[in-house]
2 protein chains.
Amino acid sequence: MVTKQFKGLPEDADLRRADSLAREIFSDVANKWAFLIIEALGERTLRFSELRNEVEGISHKMLTQNLRMLERYGLIDRHVHPTVPPRVEYTLTEPGRALRATVDGMCGWTHQYLGHIEAARRRFDD
Amino acid sequence: MVTKQFKGLPEDADLRRADSLAREIFSDVANKWAFLIIEALGERTLRFSELRNEVEGISHKMLTQNLRMLERYGLIDRHVHPTVPPRVEYTLTEPGRALRATVDGMCGWTHQYLGHIEAARRRFDD
DNA sequence: CAGAATCCATTTTGATACTG
DNA sequence: CAGTATCAAAATGGATTCTG
């Protein structure tokens, strides 16, 4: 067994690090733009400008920023065609597609409970 | 058939409204604090102060704000005990529990792909 | 204890201009 | 076309104070 344990250093230091990493990923990815981008990509490959159109309301800057983040975590592949003008295509990776199941679930949930939610909101707002 | 259609007003005005509402809900709920609160509640009922401890790193203000939002959409129930000092308990409603499946899915995903993601990030950061 | 309200620093965001 | 940089405006978040 390979151990990273040193005297006095409990080996669940690894677990704590993993937890804080998990939390970091969770916090970064659980935001509306990331979700909407993942949803938009679905099974397709899309260019930057296509994504800009698909994800309604996203600004140039937010799109770039979130694409970088998703690429950094390996949720999307970025493929640059060496042409002029440049053509850059984005595709979900395996982890990205796996997360899509979650995002799809939330989309379904939203539509399923739309009535409930709208009613609740009206009640709350008096 | 009951229709809301008037002359000149296409009946998919309803659909558009529903879509924009769905989008609003989606955007509000797809944020890390809401997710973490839902995850913390799980099957349990928790008090404000308990939630504050469970959801690591959340501030008093963020907790109140997100609890209001979730209550407004009917994802949680807020029960005030008429005691002094006050005791306020929060519980997931049916729609809230349904959404928990999504949140759980994301938690599972995070842990499942932790290795993938960490490696991808290291690669990206050169 | 729960939470509303205020103030203030920080962050986020959008618009715009610039580059390969 | 895709992306970076910049700057002002807007939103967010935290600390603190005050209330029932």
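Note that the structure is a prediction, hence the values are computed from the model and not measured.

Asker: Help me get a handle on the nonpolar core, residues and values and all.
Answerer: Considering soluble globular proteins, one finds that nonpolar side chains tend to be buried as a cluster. The biggest cluster of nonpolar side chains holds 75 residues, and the ones touching the most others in it are Leu-51 of chain A together with Leu-51 of chain B. When near neighbours in sequence (up to four residues on either side) are disregarded, Leu-51 of chain A contacts Ile-37, Ala-40, Leu-41, Leu-46, Leu-63, Leu-67 and Tyr-90 of chain A.

Asker: Explain the confidence of the model for chain A to me, and be specific about the residues and the numbers.
Answerer: Taken over all residues, the pLDDT of chain A has a mean of 91, while the share at 70 or more is 90%. pLDDT under 50 marks residues 1-6 of chain A. Its contacts with residues more than four places away, or in other chains, come to four contacts.

Asker: An account of the protein's contact with DNA strand D is needed here, citing residue identities and associated values.
Answerer: Looking at DNA strand D, there are 16 residues lining it, with Phe-48, Ser-49, Arg-78 and Tyr-90 of chain A together with Lys-61 of chain B nearest. When the atoms of DNA strand D within 4 Å of the protein are sorted by group, sugar and phosphate make up 56%. A distance of 2.7 Å separates a phosphate oxygen of DNA strand D from a polar atom in the side chain of Ser-49 of chain A. Within the residue set of the surface near DNA strand D, elements represented by two or more residues are α3 (48-54), α4 (60-72) and β3 (87-92) of chain A together with α4 (60-72) of chain B. Among the elements that take part in the surface near DNA strand D, α4 of chain A stands out by supplying four residues, more than any other.

Asker: So what's going on with the UniProt feature "domain: HTH hxlR-type" (unreviewed entry) in chain A? Which residues, and what values?
Answerer: Within the UniProt annotation, "domain: HTH hxlR-type" (unreviewed entry) is assigned to residues 18-118 of chain A. In residues 18-118 of chain A, the share of helix is 65% and the share of strand is 14%. The end C-alpha atoms are 39 Å apart.

Asker: Give me the lowdown on helix α1 (residues 13-29) of chain A, citing residues and values where you can.
Answerer: With 17 residues, α1 of chain A extends 24 Å from end C-alpha to end C-alpha; this agrees with the ideal 24 Å at 1.5 Å per step. Within the span of α1 of chain A, buried status applies to Ala-18, Leu-21, Ala-22, Ile-25, Phe-26, Ser-27 and Val-29 of chain A. On its buried face, α1 of chain A sits against α2 (32-41), α4 and α5 (94-112) of chain A together with α2 (32-41), α5 (94-112) and α6 (114-124) of chain B.

Asker: Break down the packing of aromatic side chains for me, citing the residues and quoting the values.
Answerer: Scanning the model with the defined rule gives five aromatic pairs over all chains in all. Plain terms: the ring middles of Phe-35 of chain A and Phe-35 of chain B are 6.0 Å apart, the flat faces sit at 70° to each other, and that makes the pair edge-to-face. With one member in each of two chains, Phe-35 of chain A in helix α2 and Phe-35 of chain B in helix α2 form a pair that bridges those chains. The exposure class of Phe-35 of chain A is buried, given its relative accessible area of 0%. Chaining the aromatic ring pairs together yields one cluster made of Phe-26 and Phe-35 of chain A together with Phe-26 and Phe-35 of chain B. A cation sits over an aromatic face here: Lys-32 of chain A above Trp-33 of chain A, 4.8 Å from the ring centre.

Asker: So, the packing of α4 of chain A against α6 of chain B: which residues are in play, and what are the values?
Answerer: Geometrically, a packed helix pair is captured by the angle between its two axes and the distance between the axes. Packing of α4 of chain A against α6 of chain B brings their axes to within 8 Å, and their N-to-C directions diverge by 115°. On α6 of chain B, the residues that touch Arg-68, Glu-71 and Arg-72 of chain A of α4 of chain A are Ile-117, Ala-120, Arg-121 and Phe-124 of chain B. For the contact of α4 of chain A with α6 of chain B, the per-class residue count stands at three nonpolar, no polar and four charged.

Asker: Residues and numbers for the sheet that holds strand β2 (residues 76-81) of chain A, please.
Answerer: Residue and element names in this part refer to chain A. As summarised here, the arrangement of the three strands in space is β1-β3-β2, forming an open sheet in which the pairing is antiparallel. The strands lining the two open edges of the sheet, one partner per strand, are β1 (46-47) and β2. Packed onto the sheet, α4 meets β2 and β3 and runs at close to 115° relative to β2.

Asker: Tell me about the sheet that holds strand β3 (residues 87-92) of chain B, residues and numbers included.
Answerer: All names here are of chain B. An order of β1-β3-β2 is seen for the three strands of this open sheet, with the pairing classed as antiparallel. Bordering the open sheet on either side are β1 (46-47) and β2 (76-81), each of which pairs with just one other strand. Both β1 and β3 contribute to a ladder of two bridges, which runs antiparallel. Bridge pairing links Leu-46 to Tyr-90 in β3.

Asker: Quick rundown of the interface of chain B and chain A? Include the residues and the values.
Answerer: Contact residues are listed per partner, giving 45 residues for chain B and 45 residues for chain A. Considering only the side of chain B, the residues that lose the most area to chain A are Phe-26, Arg-72 and Trp-109 of chain B, jointly responsible for 17% of the buried surface there. Viewed at the interface, chain A and chain B are joined by four salt bridges. The tally of links from chain B across to chain A stands at 14 residue pairs in polar contact (both at pLDDT 80 or more).

Reading the values: rules and limits
Residues numbered from 1 in each chain as written. Chains lettered and ligands numbered in written order. Predicted model: local features only at pLDDT ≥ 70, side-chain atom pairs only at ≥ 80, totals over all residues. Heavy atoms only, no water. Core = buried A, V, L, I, M, F, W, Y, C linked by side-chain atoms within 4.5 Å. Buried < 20%, exposed > 50% of the residue type's maximum accessible area, 1.4 Å probe, protein only. Contact = heavy atoms within 4.5 Å. pLDDT = per-residue confidence, 0-100. Near = heavy atom within 4 Å. Polar contact = N/O pair within 3.5 Å; in protein donor to acceptor, adjacent residues only side chain to side chain. Helix = DSSP H or I, 4+ residues; strand = E, 2+ residues; numbered from the N terminus. UniProt positions renumbered as here; feature names shortened; annotations may be inferred. Expected span 1.5 Å × (residues − 1). Phe/Tyr/Trp six-rings, centres within 6.5 Å; stacked < 30°, edge-to-face > 60°. Lys NZ or Arg CZ within 6 Å of the ring centre and 35° of its normal. Axes fitted to C-alpha atoms, helices over the stretch in contact; angles between N-to-C directions. Nonpolar A, V, L, I, M, F, W, Y, C, P; charged D, E, K, R; others polar. Pairing = 2+ DSSP bridges. Buried area = accessible area lost by both parts, 1.4 Å probe. Salt bridge = Lys/Arg side-chain N within 4 Å of Asp/Glu carboxyl O.

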